[in-house]
Amino acid sequence: MERLREQPIWLTTAISFLLLLLLWEAVTVLGGYDRFILPGPADVGQQFLIVATDGRLWRHTLITVSEVVPGLLLGFGIATPLGYLLAKSPLAERLLSPYLIASQAIPVIAIAPLLTIWVRSTFWSRVLVSVIVVFFPILINVIAGLRSVPTELYELMHSLRASQWQIFRKLEVPAALPILLAGLKVGATLSVIGALVGEFVQPKSQGLGYLLVTARYQFKTDLVFVVLLTLAAIALAMYGMVALLERRLLRWQENE
Amino acid sequence: MSRPLTILLLALLLFAAGCAAETAEAPAELTHIRLPMGFVADPQYAPFYVAVEKGYYAEEGLEIEFDYSFETDGIALVGANELPFAIVSGEQVILARAQELPVVYVLEWFQDFPIAVVSKEEAGISEPQDLIGRSVGLPGFFGASYVGYVGLLSATGVSPDEVAAEEIGFTQVESLLAGQVDAVVGYANNEPVQLRAQGEAIDVIHVAHYIDMVANGIITNETTIAENPELVHRLVRATLRGLADTLANPEEAYEISKQYVEGLDDSRMAVLEASLPMWEAPVLGHTDPKSWERTQDVLLEMGLIDAPLADLEGAYTNDFIRDNQPEE
């Protein structure tokens, strides 16, 4: 165990990935499943090569990514100032939070078809589903981040006669950033689910959701798996980018 | 042991034995069949409701549970031999066999491929050639409606490039009424009925009038046919009786359907009436080998399968309907 921990990260990742593949293969072989019920890693790999080389996978992936990225950015852009307002103003919190919390009880799959009618643009209606999904976890983390700033630090800033802007920039932003970024990580992975839900209910989308539906229709379970793994890869990439951003922004923490 | 006690014990023993004999003579237990239907509860399933209500399934020792989940699930479950039967669309059988699902089609319920192109009368689209240069709304570029649409164009020599096909989701009635598209593709026993109910004068192009493709029917799997053919015979026999009764007496069938379709009022009788002609056949449930070849050709043309099935004849059989035709 100790020796494993000393290995470079790429090696441990590769080992865990190999173990996962072995476990998967073992389940398909020992369980005696047909290929259309549970394809093995080899079937999925073969299907991956087919759709990757004929360009289909990339075409559908690009479309989904083009929905995921604006979904996350917009969700972040709306949730952050609103979260700041709710954290700072007890009145705003009292007025808005019951509705915000209640809205989380509405399954997005139920309103997604309506969104496609309300929002005339088919592209933006799919992005909007993604925005709705990422909005809440980011909002909650913004509020939690700001609330986590110790009162003594505010008192210190006040005693130093800091302006509101200075308090915001020198105290609140750095103090809330770790929790806010954690929320952004959750939002990054959820944005992929949001875009996919949008694609399921919204025709005219040729994203990965479309590929998933047609693969199911053709009983190509191996292709279904290729799509699922691609979605997972997108989520991982989004998460990784936020993690990189986090490392840059929170470098000061490491120095402490 | 005193005599009265012995007599009492003997009497008790005899009584117990009698009870045991009685249980043994009780009717054999019914075989429970969960049947995936492919759509929500609807009056078009009247033949099945009739067969249950009139006890035809029970006479065959079957107890049917209607399962209204999506048809792909039904095929996968039958293919994996988790369930013995499902109701599915014909082209799905070929797609499934192309992926090695050992499903076999045993009863062609819909003799006509039930897809139709519907337009407002004023658009003047009464035959496939009229679609050239027009916009057509489809639920999506997959499923039976898309297969029917491509089959229609292919059979009539209209190139898909000459028609502006659009994905509109399941909003055919709204899109047509709002004038967003010139025509829509839907089910011959659904969208036209809904539009006429709203007082709209419409033209309907039935795909089945131009090309004979395999439509909805009952599938089983190769294991069930090999190991328990009698079960297939029993299900087919009872279903054909329900079908014959529904064709002979649609009003009665509709009344029976009311017990199975929640909130069904008289307004949907038109759905059943529109379905009846699609079920009629000289030999009920018979499937035509040529229609399988045509369906396969359309799927090849669409690129939904890469090559013809090595064993297309293995996808269907008329063995079960032949001996089980209802008596006149």
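Note that the structure is a prediction, hence the values are computed from the model and not measured.

## Here's the deal with the overall build of chain A
Alright, step 1. For chain A, the count of helices and strands is 12 helices and 0 strands.
Alright, step 2. Counting from the amino terminus, helix and strand elements in chain A follow one another as α-α-α-α-α-α-α-α-α-α-α-α.
Alright, step 3. Here the C-alpha coordinates of chain A stretch approximately 70 × 55 × 30 Å along the principal axes.
Alright, step 4. When the 256 residues of chain A are sorted by exposure, 34% land in the buried category.
Alright, step 5. Long-range contacts, defined here as pairs at least 24 residues apart, represent 78% of the contacts in chain A between residues at least 6 apart.

## A word on the overall build of chain B
Alright, step 1. When you go through chain B residue by residue, the secondary structure sums to 14 helices and 10 strands.
Alright, step 2. Projected onto its principal axes, the C-alpha positions of chain B cover 105 × 45 × 35 Å.
Alright, step 3. For chain B, the residues scored as buried account for 47% of the 328 residues in total.
Alright, step 4. Considering only contacts in chain B between residues 6 or more positions apart, those separated by 24 or more positions represent 83%.

## Quick word on the interface of chain A and chain B
Alright, step 1. With 13 residues of chain A at the interface, the matching set in chain B holds 16 residues.
Alright, step 2. Grouping the amino acids of the side of chain A that touches chain B by side-chain chemistry returns 6 nonpolar, 2 polar and 5 charged.

## Here we look at the environment of Gly-199 of chain B
Alright, step 1. Examined against the element boundaries, Gly-199 of chain B turns out to sit in the loop between helix 8 (191–197) and strand 9 (202–206).
Alright, step 2. For Gly-199 of chain B, a count of 6 C-beta atoms within 10 Å gives the class exposed.

## Overview of the sheet that holds strand 8 (residues 183–187) of chain B
Residues and elements named next belong to chain B.
Alright, step 1. With mixed pairing, the 5 strands of this open sheet are ordered in space as 7-6-8-5-9. The open sheet is flanked by strand 7 (164–167) and strand 9, the only strands paired with a single partner. Averaged over all pairs of adjacent strands, the angle between their axes in this sheet comes to 30°, without regard to strand direction.
Alright, step 2. Both strand 6 (residues 135–138) and strand 8 contribute to a ladder of 2 bridges, which runs parallel. Bridging across to strand 8, Gly-137 finds its partner in Val-184.
Alright, step 3. Those strands touched by helix 6 (residues 143–156) are strand 5 (115–120), strand 6 and strand 8, and its axis lies near 80° from that of strand 5.

## Details of the environment of Asp-265 of chain B
Alright, step 1. By the secondary structure assignment, Asp-265 of chain B is in the loop between helix 11 (250–257) and helix 12 (269–279).
Alright, step 2. C-alpha separation for the pair Asp-265 of chain B and Val-207 of chain B, spaced 58 residues apart in sequence, amounts to 29 Å.

## Comments concerning the sheet that holds strand 3 (residues 86–88) of chain B
All names here are of chain B.
Alright, step 1. Spatial ordering of the open sheet is given by 3-10-4, a layout of 3 strands whose pairing is antiparallel. At either end of the open sheet lies a strand with only one pairing partner, and these are strand 3 and strand 4 (103–108). With strand direction ignored, the average angle separating the axes of adjacent strands in the sheet is 40°.
Alright, step 2. This element, helix 10 (residues 229–248), spans strand 4 and strand 10 (217–221) of the sheet and lies at about 30° to strand 4.

## Quick look at the confidence of the model for chain B
Residues and elements named next belong to chain B.
Alright, step 1. Mean pLDDT over chain B stands at 90; residues scoring 70 or higher make up 90%.
Alright, step 2. When mean pLDDT is taken per element in chain B, strand 4 scores highest with 98 and helix 1 (residues 3–25) scores lowest with 50.
Alright, step 3. The low-confidence segment residues 17–26 (pLDDT under 50) makes 0 contacts with residues lying over four places distant or belonging to another chain.
Alright, step 4. On the interface metric, ipTM, the complex scores 0.71, and its pTM is 0.79.

## Regarding the nonpolar core
Alright, step 1. Counting 98 residues, the largest nonpolar core has Ala-86, Val-106, Ile-115, Val-136 and Ile-219 of chain B as its most contacted members.
Alright, step 2. Core analysis: the next-biggest nonpolar cluster, separate from the first, contains 49 residues, Val-127, Phe-135, Leu-139 and Phe-225 of chain A among them.

## Overview of unusual backbone geometry
Leave glycine aside and you will find that most residues have negative phi; peptide bonds, for their part, are mostly trans.
Alright, step 1. A positive phi angle, near 55°, is found at Arg-161 of chain A, a position not held by glycine.
Alright, step 2. Tracing the chain through its elements places Arg-161 of chain A in the loop between helix 8 (151–159) and helix 9 (164–201).
Alright, step 3. Even without a glycine there, the phi angle at Asn-81 of chain B is positive, about 60°.
Alright, step 4. As for its position among the elements, Asn-81 of chain B is in the loop between helix 4 (71–79) and strand 3.
Alright, step 5. A tally of 16 C-beta atoms within 10 Å means that Asn-81 of chain B is categorised as partly exposed.

## Concerning helix 8 of chain A
Alright, step 1. Little of helix 8 of chain A is tucked away: 0 of the 9 residues are buried.
Alright, step 2. Positive backbone phi, at 55°, marks Arg-161 of chain A, one or two positions downstream of helix 8 of chain A.

## Digging into the packing of helix 2 (residues 46–53) of chain B against helix 11 of chain B
Residues and elements named next belong to chain B.
Alright, step 1. In contact at an axis separation of 9 Å, helix 2 and helix 11 are set at 80° when each is read in the N-to-C sense. With respect to helix 11, the element helix 2 is oriented roughly perpendicular. Residues Ala-46, Tyr-49, Val-50 and Glu-53 of helix 2 lie in contact with helix 11, whose contacting residues are Ala-253, Tyr-254, Ile-256 and Ser-257.
Alright, step 2. Residues belonging to the contact of helix 2 with helix 11 are distributed by class as follows: 6 nonpolar, 1 polar and 1 charged.

## Quick word on the environment of Met-213 of chain B
Residues and elements named next belong to chain B.
Alright, step 1. Within the secondary structure layout, Met-213 lies in the loop between strand 9 and strand 10.
Alright, step 2. Look at Met-213 and you get buried, because 28 C-beta atoms sit within 10 Å.
Alright, step 3. Sequence separation of Met-213 and Val-147 is 66 residues, and the distance between their C-alpha atoms is 9.5 Å.
Alright, step 4. Excluding residues that lie within four positions of it along the chain, Met-213 makes contacts with Gly-90, Glu-91, Phe-113, Gly-151, Ser-291, Arg-294, Thr-295 and Val-298.

## What to know about the packing of helix 3 (residues 41–53) of chain A against helix 11 (residues 221–249) of chain A
Residue and element names in this part refer to chain A.
Alright, step 1. Across the interface, helix 3 lies against helix 11 with an axial gap of 8 Å and an inter-helix angle of 75°. By the angle between their directions, the pair helix 3 and helix 11 is classed as roughly perpendicular. Two secondary-structure elements touch here, helix 3 through Asp-43, Val-44, Gln-47, Phe-48 and Val-51 and helix 11 through Asp-222, Leu-223, Phe-225 and Val-226.
Alright, step 2. A breakdown of the residues in the contact of helix 3 with helix 11 according to their chemical character gives 6 nonpolar, 1 polar and 2 charged.

Rules used throughout
Residues numbered from 1 in each chain as written. Chains lettered and ligands numbered in written order. Predicted model: local features only at pLDDT ≥ 70, side-chain atom pairs only at ≥ 80, totals over all residues. Helix = DSSP H or I, 4+ residues; strand = E, 2+ residues; numbered from the N terminus. Buried ≥ 20, exposed ≤ 12 C-beta atoms within 10 Å, placed from the backbone. Contact = placed C-beta atoms within 7 Å. Nonpolar A, V, L, I, M, F, W, Y, C, P; charged D, E, K, R; others polar. Pairing = 2+ DSSP bridges. Axes fitted to C-alpha atoms, helices over the stretch in contact; angles between N-to-C directions. pLDDT = per-residue confidence, 0-100. Core = buried A, V, L, I, M, F, W, Y, C linked by C-beta atoms within 7 Å. Parallel < 35°, antiparallel > 145°, perpendicular 65-115°, else oblique.

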